[in-house]
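Examination of the molecular architecture
Listed below are the residues making up each chain.
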Amino acid sequence: MAKDVLCEVNSCKYWAAGNNCNASSIYVVSHRGKQANNSEETDCKTFEPKI
Ligand code: SF4
């Protein structure tokens, strides 16, 4: 489990109760490959939709 990662994206298969992330690690990227200037311009690439 990624340590101390809080996430509210509950449509992700790694999401767990309490806004915890169950992925062993996460990869955060800039939104659409552009240089990020604030947190809203970053994305979690580890996201996978719940089936
Ligand atoms: S993998 Fe990313 S989107 Fe999914 S729960 Fe973890 S931090 Fe959130």
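Residues numbered from 1 in each chain as written. Predicted model: local features only at pLDDT ≥ 70, side-chain atom pairs only at ≥ 80, totals over all residues. Heavy atoms only, no water.

Within an unreviewed UniProt entry, the label attached to the protein chain reads DUF1540 domain-containing protein, and the organism entered is Paenibacillus baekrokdamisoli.

**Section: the environment of phenylalanine 47**
Positionally, phenylalanine 47 belongs in the segment after strand 4 (42-44). Classification of phenylalanine 47 by relative accessible area gives partly exposed; the value is 34%. On a C-alpha basis, the gap between phenylalanine 47 and serine 11 in space is 8.9 Å, while along the polypeptide they are 36 residues apart. Apart from residues no more than four positions distant in its own chain, phenylalanine 47 is found in contact with Val9, Ser11 and Cys12. (Helix = DSSP H or I, 4+ residues; strand = E, 2+ residues; numbered from the N terminus. Buried < 20%, exposed > 50% of the residue type's maximum accessible area, 1.4 Å probe, protein only. Contact = heavy atoms within 4.5 Å.)

**Description of the pattern of salt bridges**
Two side chains carrying opposite charge are able to pair once their charged atoms lie near each other. For the coordinates displayed, the defined rule picks out 2 salt bridges. Lysine 3 is the partner of aspartate 4 in a salt bridge, and the nearest nitrogen-oxygen pair spans 3.2 Å. For aspartate 4, a relative accessible area of 68% corresponds to the exposed category. Overall, the relative accessible area of 68% leaves lysine 3 in the exposed class. Where glutamate 48 meets lysine 13, a salt bridge forms, and the shortest distance between an N and an O atom there is 3.3 Å. Here the residue glutamate 48 occupies a position in the segment after strand 4, and lysine 13 occupies one in the segment before strand 1 (15-16), the gap between them amounting to 35 residues. Relative accessible area serves as the criterion here: at 44%, lysine 13 is assigned to the partly exposed category. (Salt bridge = Lys/Arg side-chain N within 4 Å of Asp/Glu carboxyl O.)

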